[in-house]
Amino acid sequence: MNRLYPVTTSFVVLVLTGHLLAGGPPPEFSSAHWIWRQAESPDGEVAHFRKVFELPGAVAGARLSATCDNQMDVYINSKRVLRSGTWERPVAADVKGALRAGSNVIAVRARNQGSIAGLLLELRVKVGDDERVIVTDDSWLVAGRPSRGWRGLDHDTSDWARAHVHGKYGVGPWGTLPKGGPAVQLSTPADAVESLPGFRVELLYSVPKPEQGSWVSLTTDPRGRLIASDQNGALYRITPPAIGGAAGDTRVERLEVEIGSAQGLLCAFDSLYVVINGNSHGRGSGLYRVRDTDGDDQYDEITQLKPLRGGGEHGPHAVVLAPDGESLLVLGGNHTDVPDGLASSAVPTNWGEDLLLPRQWDARGHARGRLAPGGWVCRVDPEGKEWELISVGYRNQYDVAVTPEGDVFTYDADMEWDMGAPWYRPTRVCHVTSGSEFGWRSGTGKWPTYYPDSLPALIDIGPGSPTGVGVGTGAKFPAKYQRAVYALDWTFGTMYAIHLEPAGASYTATKEEFVSGRPLPLTDVVIGRDGAMYFTVGGRGTQSGLYRVTYVGSESTEPASPLADRAAARARETRRSLEAFHGRRDPAAIDAAWPHLGSADRFIRYAARIAIEHQDVALWKERALSERDPRTAITALIALARQGDEELAERVVGALERIDFGALDRTRKLEILRAYALAFIRLGKPDREDAARIARQLDAHYPAGDDMLNRELSRVLVYLDSPTVVAKTLELMARAEPEGVPDIQALLERNRGYGNTVMAMFQNRPVRQQIHYALVLRNVRFGWTLEQRKQYFSWFHEAAKAKGGASYHGFLNNIRKEALANCSDAERRELASITGEQIKVADQPKELPKPKGPGRQWTVDDLLPLVEGGLRRRNFENGERSYLAARCGTCHRFDGAGGSVGPDLTGVVSRFSWPDLLEATIEPSKVISDQYGSTIVTRRDGSITIGRIVEENDDEIALVVDPMDLDNLTVVPKKEILRTAPAPISLMPEGLLDPLNRDEVLDLLAYMMSRGDPKDRVFR
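Everything quoted here is computed from the prediction, not taken from an experiment.

Colleague: Help me understand the overall build of the chain, please; the structure alone is not making it clear to me.
Modeller: When its secondary structure is counted, the chain shows 25 helices and 48 strands. Across the 1020 residues of the chain, 60% fall into the buried class. Of the contacts made within the chain by residues no fewer than 6 positions apart, 68% connect residues no fewer than 24 positions apart.

Colleague: It is not clear to me how the sheet that holds strand β19 (residues 235-239) should be interpreted in this structure. Could you clarify?
Modeller: Strands in a sheet are paired, the pairing made by backbone hydrogen bonds, and the direction either parallel or antiparallel. The strand order β17-β18-β19-β20 describes an open sheet built from four strands, whose pairing is antiparallel. One side of each edge strand has no neighbouring strand; the edge strands of this open sheet are β17 (215-220) and β20 (251-254). Taken pair by pair, the neighbouring strands of this sheet meet at an average axis angle of 25 degrees, ignoring direction. The sheet contact formed by strand β18 (residues 226-230) and β19 spans four bridges and is antiparallel. Residue pairing for β19: Ile227 is matched across the bridge by Arg237.

Colleague: Quick question: what am I supposed to make of the pattern of salt bridges here?
Modeller: Two side chains carrying opposite charge are able to pair once their charged atoms lie near each other. Inspection of the entire model under this criterion finds 53 salt bridges. Among the salt bridges present, the one from Glu383 reaches Arg289, with a minimum N-O distance of 3.1 Å. Of this pair, Glu383 sits in the loop between β28 (375-380) and β29 (387-394) while Arg289 sits in strand β23 (residues 283-291), and the two are 94 residues apart along the sequence. When its relative accessible area of 41% is taken as the criterion, Glu383 is described as partly exposed. For Arg289, a relative accessible area of 6% puts it in the buried group. One salt bridge in this structure joins Arg778 and Glu818, with 2.6 Å as the shortest N-O distance. Here the residue Arg778 occupies a position in the loop between α15 (765-777) and α16 (786-799), and Glu818 occupies one in helix α17 (residues 808-821), the gap between them amounting to 40 residues. Residues joined by salt bridges that share partners form a network here, namely Asp221, Arg223, Arg225, Arg237, Glu253 and Asp297.

Colleague: Whenever I open this one, helix α11 (residues 707-719) confuses me. Can you help?
Modeller: Since there are 3.6 residues in each turn of an α-helix, residues three or four apart along the chain are aligned in direction. A rise of 1.5 Å per residue sets the reference length of α11, with its 13 residues, at 18 Å; its end C-alpha atoms lie 18 Å apart and thus fit the reference within 8%. Among the 13 residues that make up α11, 12 are buried, leaving the element largely enclosed by the rest of the structure. Backbone nitrogen of Met708 and a side-chain oxygen of the N-cap are separated by 2.9 Å at the start of α11; the cap is Asp706. Immediately downstream of α11, the backbone of Asp721 shows phi near 60 degrees, a positive value.

Colleague: What should I look at first to understand the side chain of Asp601 in this one?
Modeller: Assignment of secondary structure puts Asp601 in the loop between α4 (588-593) and α5 (602-613). For the buried Asp601, no salt bridge is present, and the opposite-charge side chain at shortest range is Arg605, 6.7 Å distant. With residues near it in sequence (within four places) discarded, Asp601 still touches Ala503, Gly504, Ala505 and Ala571.

Colleague: Can you walk me through the confidence of the model for the chain in this structure?
Modeller: Close reading of the predicted structure is inappropriate where its pLDDT is low. Looking at the chain as a whole, its pLDDT mean stands at 87, while 89% of the residues score no less than 70. Contacts for the low-pLDDT stretch residues 180-184, under 50 throughout, to residues beyond four places or in other chains number 19 contacts. Low pLDDT, under 50, characterises residues 757-763; the stretch is placed with 14 contacts to residues that sit more than four places away or in other chains.

Colleague: What is the right way to look at the environment of Asp489 in this model?
Modeller: Among the secondary structure elements, Asp489 is positioned in strand β36 (residues 485-489). On the basis of relative accessibility, which here comes to 1%, the residue Asp489 falls in the buried class. Along the backbone, Asp489 and Thr467 are 22 residues apart, and their C-alpha atoms lie at a distance of 6.0 Å. Contact partners of Asp489, with chain neighbours within four places excluded, come to Tyr411, Pro463, Gly464, Ser465, Pro466, Thr467, Thr494, Tyr496 and Leu522.

Colleague: Explain a negative patch on the surface to me, please; I cannot follow it from the model alone.
Modeller: On the surface, a cluster of negative charge is made up of Asp294, Asp296, Asp300 and Glu301. With respect to the helices and strands, the residue Asp296 is situated in the loop between β23 and β24 (301-307).

Colleague: Just to check I follow, could you spell out the sheet that holds strand β5 (residues 71-76) for this structure?
Modeller: Taken in spatial order, the six strands line up as β6-β5-β8-β3-β11-β12 in an open sheet, and their pairing is antiparallel. Two strands close off the open sheet at either side, each with one partner strand: β6 (79-84) and β12 (161-162). Where strand β11 (residues 141-143) lies against β12, two bridges are found, and the strand directions are antiparallel. Counted as the bridge partner of Val142 is Ala161 from β12.

Colleague: Where do I start with the side chain of Ser229 in this structure?
Modeller: Structurally, Ser229 is set in strand β18. The residues contacting Ser229, other than those within four sequence positions of it, are Ser214, Trp215, Val216, Ser217, Ala234, Leu235, Gly260, Ser261, Ala262 and Leu265.

Colleague: How should the pairing of strand β2 (residues 33-36) be read in this particular structure?
Modeller: Working note: regular strand, side chains alternate between the two faces of the sheet. Along β2, one buried face is formed by His33 and Ile35 and the opposite face, lined by Trp34 and Trp36, is buried too. Bridge analysis of β2 against strand β13 (residues 164-168) gives four bridges, and the strand direction is antiparallel. The residue of β13 that forms the bridge with Trp36 is His164.

Colleague: Can you help me understand the packing of aromatic side chains in this one?
Modeller: Aromatic ring pairs are defined here through the distance separating the ring centres and the angle between the ring planes. Under the criterion given, the structure shown has 26 aromatic pairs. Measuring from ring centre to ring centre gives 5.7 Å for Tyr450 and Tyr451, while their planes differ by 75 degrees; the resulting arrangement is edge-to-face. Exposure remark for Tyr450: the relative accessible area of 13% places this residue in the buried category. Here the aromatic rings of Tyr792 and Phe796 are separated by 5.3 Å at their centres, their planes lie at 80 degrees, and the arrangement is edge-to-face. Of this pair, Tyr792 and Phe796 are both found in helix α16, four residues apart, which corresponds to roughly one turn of the helix. Assigned by exposure class, Tyr792 and Phe796 land together as buried. Through a chain of ring-to-ring contacts, the aromatic side chains of Phe199, Phe477, Tyr481, Tyr486, Phe514 and Tyr551 assemble into a single cluster. The ring of Trp160 carries the charged tip of Arg50 above its face, separated from the ring centre by 5.9 Å. Cation over ring: Arg364 sits above Trp417, and NZ or CZ is 3.8 Å from the ring centre.

The rules behind these values
Residues numbered from 1 in each chain as written. Predicted model: local features only at pLDDT ≥ 70, side-chain atom pairs only at ≥ 80, totals over all residues. Heavy atoms only, no water. Helix = DSSP H or I, 4+ residues; strand = E, 2+ residues; numbered from the N terminus. Buried < 20%, exposed > 50% of the residue type's maximum accessible area, 1.4 Å probe, protein only. Contact = heavy atoms within 4.5 Å. Pairing = 2+ DSSP bridges. Axes fitted to C-alpha atoms, helices over the stretch in contact; angles between N-to-C directions. Salt bridge = Lys/Arg side-chain N within 4 Å of Asp/Glu carboxyl O. Expected span 1.5 Å × (residues − 1). Polar contact = N/O pair within 3.5 Å; in protein donor to acceptor, adjacent residues only side chain to side chain. Lys, Arg positive; Asp, Glu negative; His and termini not counted. pLDDT = per-residue confidence, 0-100. Patch = residues over 30% accessible without salt bridge, like charges linked within 9 Å, V, L, I, M, F, W, Y side chains within 5 Å. Areas by Shrake-Rupley, 256 points an atom, 1.4 Å probe, with all protein chains shown as cover. Charge placed at Lys NZ, Arg CZ, Asp CG, Glu CD. Phe/Tyr/Trp six-rings, centres within 6.5 Å; stacked < 30°, edge-to-face > 60°. Lys NZ or Arg CZ within 6 Å of the ring centre and 35° of its normal.

So, in structure tokens, the structure goes:
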């Protein structure tokens, strides 16, 4: 409600109006009254209203119009027919189908938000030649907390009171209202969104999904307005109300320009830059420039600046203004190829997988065949002609933010299917520096953060789905929050404020939950020209909305002063001076960078190496080979291994051998082991005699008293065919200890929504280290005793008891399969009693319970009224039983258990509203994520197979065609395939809830929204 009115009372006025045509004249509300429970109402009060009325015959037509200050749900005969979250514009609907001859009841749940509330309703019903009008007046009944069934006709209202009337339609502060519009689904109310003390969250606009889709990207224009894009539709321009104004004053217009489906938007250089992801109005993925050429405040010219190969959830993403203010930054996820025709690259372009031992692809086929460099960031001139690659190695970074100091930060995705494995990397915030590589490789190939040819994350966040990233510059917030970087997580509905502290040439970081909600599927964030923060929710067809965050506390909001750490500023300047050599040949770089190759600052050391790698190897190879300082030598030899040729192999390895491994600290030991690995990978494997000599030198230090050193030593020693590596590594497997003692509460907090899984994984933490040892030992063919083989293969059955992500058990099976292939026929016969069975996922009972029933054909409209008030006192055990009876766990993981054909449901409470969840469950084909979609495979003989691809190699693909029979795969040789295409129908069948009775369905839904925790608030 507009706070300009100094009114302390709370009103509700409900008017039901029914014209025969949806496009009929606006309601007059002339005989309707504003009603509420009493003369005054506290903020947040909920009131329930009822009106029973008779209709003498069949209904020929009916139109309902209503408004409420502030929120309402209107039901006719228990069926919800209207919903609204703003009073300024009435909503209307044709309700003929909800009415019947005889007795009917209108029921309204209304909620006050602020000092003034009001409900107004008018229903016009055509019966034969007569028109009946029902309006809000003193005949309506009202209650605070009614008992179950209050929406139904026969509810006992003996304890209900008469509604309090405050005046006829037209009374202030509302006055007269415009014509009613269509009813819309609401986003999560602002009072259900949690924020830090002193900050206020407003819901400005609930996006009408049927007309405007689901918004995923956001930018500001030069006039302070916002522009948003539907994930699969048009662009919209939003004029928010002034701070302190009413949310209902938010103005939204569709831009009449044939472009959209944007995951990147930026107003700059007198243009709107749009990154299309997929297809929009016949235009494919790419960077586009849109202009207003005639000054009429409408965009009318579209120019494609660059096509991009990629699409879907890992396709082309954001476009933002670069730190220099004169160019753009454009991002692509790891399923987007690096753009053709680069003008330059700060990243050396001879990238590779750089894996010493063979990688295993994801056990379920995800990203099979996707190779380096992974997700990327490019700098682009405003005309889109000059593209420079500046950073690579991400899994799926969606957005970047630029700080006043000119530093760039992004929020990269994890692979949640890898949870429980040693190669799992949580979502993380990264400092995007020139020439940087962050080491994403598919499957088991992800680089550890200590590899010196990559850079580490600033901070690990935990499981999630990163979306928008912003910075608080320009916000009228306290200084701490002006300087913060904001990272949005779609899965768990949380916006993190990342607080940076200068640390050498980079930063350290801490995180703080700034905004969170259930559901709150966050997509993008910007700071408006008015100093407020604006963010959107939506994506994957979920209910979308626009929110505003303002600071209403007592701290100063004056512009924050610049960072004052002079030493860090000098370090950053050193790094940038070295980065100036990235991507260009300049012999001066060698002398400038060489003193920094041994720097204690990892970011400076990295920048110096990249500067040298861009120079002619002939100018610096001898200097690298003769360098005597161990720290400098290791970095220089890494550069030489990456840029040299095979003729240098023996000399590079010889230079590494001259360095006393035992005298190095932990960091340098990890770096020299990586230097050896890169020399072997890029320059060639040493001959048997050299390999044995190097193995003997390193074997003296194995095992080490450090898990990560043991990982690298075991990797290198397996590669070198060390005769002792099997025995020593098996001993380590047998006595693996947890990697330190973590703060359990902090661990759970970082992994919100996976609490039970995290606890189970912590209890099995040694297994992560053991899996690494099992992974490297699978490559060893000779040097085993039979007892050692038995010890190794027996371990798999214990490891299978641990919990993990969707691919966890598949990886175990594949590791064991490859290890068996390295056994002799005689060994396999001896091991048959141990290895005879496939490792099974012991997450589901062998016999699933049967539904109790009787069932029915459930619809969204049936269930929505039953769940929207919140599920309380539901039966958790029956919910879990019903979840199994409906066979949900066959395809979906929940709290670490279940199948993996469909999305993990653990965090569903944070990203799905009730309407979205019911729609996804009952109408699964309406929105299909490309990560879980099916594929239509057309063979050359004309036959067609439809299913989800779960395994793929160079010769064939394997599909699940029946989600209820996951063990029965259909294998199609690639030589027989004519074409493949996404299937428009979900692999998830419709009607899975239909065998369940009412309590089974409600308990199941409550169980799903609990995240597996019976203490969750949904049960209280």
